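Given next are the chains, with one letter for each unit.
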Amino acid sequence: DAGVTQSPTHLIKTRGQQVTLRCSPKSGHDTVSWYQQALGQGPQFIFQYYEEEERQRGNFPDRFSGHQFPNYSSELNVNALLLGDSALYLCASTSRSAVYPGELFFGEGSRLTVL
Amino acid sequence: GENVEQHPSTLSVQEGDSAVIKCTYSDSASNYFPWYKQELGKGPQLIIDIRSNVGEKKDQRIAVTLNKTAKHFSLHITETQPEDSAVYFCAARIAAGNKLTFGGGTRVLVKP
């Protein structure tokens, strides 16, 4: 049973560029959330997607956007990159119909470095 | 919004000793409290969780306690082993399907 998979694992961009990160949820999961984890800190919620719509959003600017596809996979897009966007971006999935709804399973993350 | 504070930020224990990490939360509506272990270069892994209708939960060497009145919960690791060395995060959530709010993390080092 494949867990949450993310790509790419590492990438380097320069300020002002745009980046797209990808996530495939755990088999059987229909809800995908994205978190940003700065070095030495806990993950911060960016947004959550369910049924191809953004359901919740954290305190992140509009430069951060996302998408969910019919197969439940998801993308995170960040425009006009800033140095402060350097972080580990984590994708987490869950199932709204699970016996214990809301148990989040995380991927290994995509480490973004902005120069 | 919800705020979760975690202490200590670092914890060094001798192999075989116990480790305790404490968290407090601000929103009394929170009802789900998971703990995650994150090893270097990896994503957080759920190790145990507790819901607000339970005061204590145990899984082998790991236990979690919840005090809703005081709005704090704790992780207890007994008989620590070197492989327990990692960063541990507590989190809180208000409702199913809602976001998790994480604490700042505790770096645990188990010395052989």
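Here, every reference points to the structure presented above.
Novice: Just give me the short version of the pattern of salt bridges, but keep the residues and values in it.
Specialist: All names here are of chain B. On inspection of all chains with the given rule, the structure shows nine salt bridges over all chains. Residue Asp 84 is joined to Arg 61 by a salt bridge in which the shortest nitrogen-to-oxygen separation is 2.9 Å. Taken as a pair, Asp 84 in the loop between β8 (72–77) and β9 (86–92) and Arg 61 in the loop between β6 (56–59) and β7 (62–67) lie far apart in primary sequence, 23 residues in all. Because the salt bridges share partners, they merge into one network encompassing Lys 37, Glu 39 and Lys 42.

Novice: Just give me the short version of unusual backbone geometry, but keep the residues and values in it.
Specialist: In the segment running from Ser7(A) into Pro8(A), the intervening peptide bond is cis, with an omega of -10°. By the element assignment, Pro8(A) lies in the loop between β1 (5–7) and β2 (10–13). Put simply, His7(B) and Pro8(B) share a cis peptide bond, and its omega is -5°. Although it is not a glycine, Glu51(A) sits at a positive phi angle of roughly 50°. With respect to the element layout, Glu51(A) can be found in the loop between β5 (44–50) and β6 (53–57).

Novice: Account for the state of the cysteines, with residues named and values stated.
Specialist: Chemically, a disulfide is nothing more than a covalent bond linking the sulfur atoms of two cysteines. All names here are of chain A. Within the structure shown, the criterion is met by two disulfides over all chains. Between the sulfur of Cys 23 and that of Cys 91 lies a disulfide, 1.8 Å long from S to S. Negative torsions about the S-S bond denote left-handed disulfides, and the value of about -65° found for Cys 23 with Cys 91 makes this one left-handed. Of the two residues, Cys 23 sits in strand β3 (residues 19–24) while Cys 91 sits in strand β9 (residues 87–94), which places them 68 residues apart along the sequence. The exposure classification of Cys 23 matches that of Cys 91, with both residues buried.

Novice: For the layout of surface pockets, give the residues involved together with the corresponding values.
Specialist: Its boundaries defined by the atoms lining it, the largest pocket holds a volume of some 570 Å³. Surrounding the largest pocket, 28 residues form its lining, Leu39(A), Gln38(B), Leu40(B), Val87(B) and Arg107(B) being those nearest its centre. Elements represented by at least two residues in the lining of the largest pocket include exactly β9 and β11 (106–111) of chain B. Sorting elements by how many residues they give to the lining of the largest pocket places β11(B) first, with four residues. Looking at the lining of the largest pocket, its residues break down into nine nonpolar, 14 polar and five charged.

Novice: Can you explain the pairing of β5(A)? Please cite residues and give values.
Specialist: Residue and element names in this part refer to chain A. Of all seven residues in β5, six are buried, a share of seventy percent or more. Judged from the six bridges that link them, strand β4 (residues 31–37) and β5 form a sheet pairing that is antiparallel. Within the sheet, the bridge partner assigned to Gln 36 lies in β5 and is Gln 44. Connecting β4 to the antiparallel partner β5 that follows it, the hairpin turn spans six residues, and Gly 40 within it adopts a positive phi of roughly 80°. Across four bridges, β5 lies against β6 in antiparallel orientation. Each bridged residue has a counterpart across the sheet, and for Gln 48 the counterpart in β6 is Gln 56. In sequence, β5 turns back onto β6 through a hairpin of two residues, with Glu 51 there showing a positive phi of about 50°.

Criteria and cut-off values
Residues numbered from 1 in each chain as written. Chains lettered and ligands numbered in written order. Predicted model: local features only at pLDDT ≥ 70, side-chain atom pairs only at ≥ 80, totals over all residues. Heavy atoms only, no water. Salt bridge = Lys/Arg side-chain N within 4 Å of Asp/Glu carboxyl O. Helix = DSSP H or I, 4+ residues; strand = E, 2+ residues; numbered from the N terminus. Disulfide = S-S within 2.5 Å. Buried < 20%, exposed > 50% of the residue type's maximum accessible area, 1.4 Å probe, protein only. 1 Å grid on protein atoms, 1.4 Å probe; cavity = no way out; pocket = protein on both sides within 12 Å on 5 of 7 lines; lining within 4 Å. Points joined across faces, edges and corners; volume = space filled by probe spheres on them. Nonpolar A, V, L, I, M, F, W, Y, C, P; charged D, E, K, R; others polar. Pairing = 2+ DSSP bridges.

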